[in-house]
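Listed below, chain by chain, are the residues.
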Amino acid sequence: TSLFLNAVDIRPFIDVVWTTAYQPGAPQYENKNRSNIQLQVIVAVLSRGPVGIGDGPNYTNVSLVRHTCTADGTLLHPSRPATPIDAMYYNTTTQRPVGEIWSTHSAIPVLPEVFRLDGGLAGGPAGGLASETMVGGPAVRGTVAVWHTVLTVGVSTPYALQPHELFTGIVPSPPETDYVVWSLLTGPACEAGALAVSCVQPLSATTPCNVSSPPHVDANLGHNVYTIAPVLANGWVLLGETGKFITVSPNRISSVVTSPPEMDTPTVQVALTGAAHETVTLLLIRPPVQMHPRTDGILRGAATALQGTLVQVNTTLNADGTGTVTVS
């Protein structure tokens, strides 16, 4: 039903969710642990509808709730509700994944550096992006990049996911690109200063990536969330905000500005929104300098991005809840 509801601009509500499994005094669950607490919260966020916290007094897991929203409670939604990938509808079990695989995406404007948000380049607009410079307007030749989010539930056998299975519904389709895949709930942690290959997988038209879920624990279904981030034209990869289920949400990131691929020092600038004076932590992959296309003619892609370095940036938003991060 998610496809239909999204088409008519209706946001579903899956009912209230708990953030703590055991809550004495709840009539329906007296002396019981409610199962799949984290999974239900994730599904609520991916539905793109309200996230109703239904805990009893003093039972809310604040840390879990913070994975869903900004500091002022704005939900960090994707651009559309999550839906099953097409392979979920195959008739034969040899083609259909074991378990459930759902995907959604966030569409973010990516602009050339002449439109830097701080007006730092000659000829760029002072003080920010005017309305007429948004993607699709006459004054900019920008594009839209897509960050995918994939939820796996009960996928006990790894499934080889391919880019063409990640539906967007965007017309015209975004340019074909390579991606890197970040496992949010399982797998090795991404540590600042380490090589990207230590914690992410490549994904391209010729290189599928394996997605899966951890085993079930008692009545709790094994699940995982993946961020699938595009390799930008100048080699940078924005993995997104740490500690969130939707690491790149249009409710947090309003645009990305990239330097031309031929520049000696590739730069990326991210425009942020949120609560006044909120601290935001971003994780990115800096491209390896030895693969500069000006000197070797090699198009940057997922394999190259894996040899890049993980960069973590902390920033505090302004009093109006906006801010920018520039890294090079």
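Because the structure is a prediction, the values reported are computed rather than measured. Residue positions within a chain follow its written sequence, with the count starting from 1. Per-residue local features of the predicted model are confined to residues with pLDDT of at least 70, and side-chain atom pairs are confined, for both listing and counting, to 80 or more; whole-chain, interface and lining totals are unaffected and use all residues. In computing side-chain properties, one takes all heavy atoms of the structure into account and sets aside hydrogens as well as water.

Let us look at the overall build of the protein chain. What counts as a helix is a DSSP run of H or I of at least four residues, what counts as a strand is a run of E of at least two, and both are numbered from the N terminus. Secondary structure assignment for the protein chain yields 5 helices and 14 strands. Relative to its full complement of 328 residues, the protein chain shows a buried share of 46%. Relative to all contacts within the protein chain whose residues are 6 or more apart in sequence, the contacts with residues 24 or more apart total 73%. All accessibility values rest on the Shrake-Rupley procedure with a 1.4 Å probe; residue burial counts only the protein chains present in the view. Put simply, the protein chain shows about 15200 Å² of open surface, and 55% of that area lies on carbon and sulfur atoms. Summary of the burial criterion: residues with accessible area below 20% of their type's maximum are buried, those above 50% are exposed, and those between are partly exposed, where the area comes from a 1.4 Å probe applied to protein chains only. Any pair of residues with heavy atoms lying within 4.5 Å of one another is described as a contacting pair.

Moving on to the pairing of strand 5 (residues 179-183). The element strand 5 is largely enclosed, with a buried count of 5 among its 5 residues. Here strand 5 shows two buried faces, one formed by Tyr 179, Val 181 and Ser 183 and the other by Val 180 and Trp 182. Note on pairing: DSSP must find at least two bridges between two strands before they are called paired. As paired strands, strand 5 and strand 6 (residues 200-203) are joined by 4 bridges and run antiparallel to one another. Each residue of the ladder has a partner; that of Tyr 179, found in strand 6, is Leu 203.

This brings us to the state of the cysteines. Here a disulfide denotes a covalent bond joining the sulfur atom of one cysteine to the sulfur atom of another. Disulfides are defined as cysteine sulfur pairs within 2.5 Å. For the structure on display, the rule yields 1 disulfide. Across the disulfide from Cys 190 sits Cys 199; the S-S distance is 2.0 Å. Given an S-S torsion of about 105°, the disulfide between Cys 190 and Cys 199 has right-handed geometry. Taken as a pair, Cys 190 and Cys 199 share a single burial class, namely buried.

So, on to the environment of Thr 157. Considering the arrangement of structural elements, one finds Thr 157 in the loop between strand 3 (143-153) and strand 4 (159-161). Judged by relative accessible area, which is 45%, Thr 157 ranks as partly exposed. Considered as a pair, Thr 157 and Ser 213 are 56 residues apart in the sequence and their alpha carbons are 8.1 Å apart. When sequence neighbours within four positions are dropped, the list of residues in contact with Thr 157 reads Val 98 and Val 211.

Pairs can form between side chains of opposite charge once their charged atoms are near each other. A pair is scored as a salt bridge if a Lys or Arg side-chain nitrogen falls within 4 Å of a carboxyl oxygen belonging to Asp or Glu. Summed over all chains, the structure comprises 2 salt bridges. One salt bridge connects Arg 252 with Glu 241, and the closest N-O pair in it is separated by 2.9 Å. Linking Arg 252 in the loop between strand 9 (237-241) and strand 10 (253-258) with Glu 241 in strand 9, this pair joins segments that are 11 residues apart in sequence. Taking the relative accessible area as the measure of exposure, Glu 241 reaches 4% and is therefore buried. Between Arg 252 and Glu 278 there is a salt bridge, with the nearest N and O atoms lying 2.6 Å from each other. In this pair, Arg 252 is assigned in the loop between strand 9 and strand 10 and Glu 278 in the loop between strand 11 (268-273) and strand 12 (279-286), connecting sequence segments 26 residues apart.

Quick look at a nonpolar patch on the surface now. On the surface, Phe 4, Val 8 and Ile 10 cluster together into a nonpolar patch covering about 290 Å² of accessible area. Along the chain, Val 8 falls in the loop between helix 1 (2-7) and helix 2 (37-46). For Val 8, a relative accessible area of 43% corresponds to the partly exposed category. Residues with no salt bridge and a relative accessible area higher than 30% make up the patches, which join like charges within 9 Å and nonpolar side chains (Val, Leu, Ile, Met, Phe, Trp, Tyr) within 5 Å.

The subject of this paragraph is the nonpolar core. To define a nonpolar core, start from buried Ala, Val, Leu, Ile, Met, Phe, Trp, Tyr and Cys residues and group those joined through side-chain atoms within 4.5 Å. In this structure, Trp 147, Val 180, Val 200, Leu 239 and Val 256 are the most contacted members of the largest nonpolar core, which totals 36 residues. Aside from chain neighbours lying at most four places away, what touches Val 180 is Val 200, Gln 201, Thr 227, Ile 228, Ala 229, Val 231, Val 237, Leu 239, Ile 285, Ala 302, Ala 305 and Leu 306. One finds Ala 26, Val 41, Leu 46 and Val 225 within the second-largest nonpolar core, a separate group that totals 20 residues.

What follows deals with the side chain of Glu 278. Classification of Glu 278 by relative accessible area gives buried; the value is 8%. A distance of 2.6 Å separates a polar atom in the side chain of Glu 278 from a polar atom in the side chain of Arg 252. Leave out the neighbours within four places in its chain, and Glu 278 touches Thr 70, Ala 71, Arg 252, Thr 315, Thr 316 and Leu 317. In the analysis that follows, any N or O atom pair within 3.5 Å is treated as a polar contact, provided that within protein one partner can donate a hydrogen and the other can accept it, and provided that, for residues neighboring in sequence, both atoms belong to side chains.

Okay, the sheet that holds strand 9 next. Judged by pairing direction, the sheet is antiparallel, and its 3 strands sit side by side in the order 9-12-13 without closing on themselves. Two strands close off the open sheet at either side, each with one partner strand: strand 9 and strand 13 (309-316). In this sheet, neighbouring strand axes are inclined to one another by 25° on average, regardless of whether the strands run parallel or antiparallel. As judged from the 8 bridges shared by strand 12 and strand 13, these two strands associate in the antiparallel manner. Note on strand 13: the bridge partner recorded for Ile 285 is Leu 310. For every element, the axis is a line fit to its C-alpha atoms; helices are fit only across the contacting stretch, and the angle between N-to-C directions ranges from 0 to 180 degrees.

The next point concerns the confidence of the model for the protein chain. Put simply, the protein chain has an average pLDDT of 84, and 85% of its residues get 70 or more. Below pLDDT 50 for its whole length, residues 114-141 participates in 44 contacts with residues either more than four positions away or in separate chains. A score between 0 and 100, pLDDT records how confident the predictor is in each residue. Note that residues 293-299 has pLDDT below 50 and, in this model, 11 contacts with residues that lie over four places away or in other chains.

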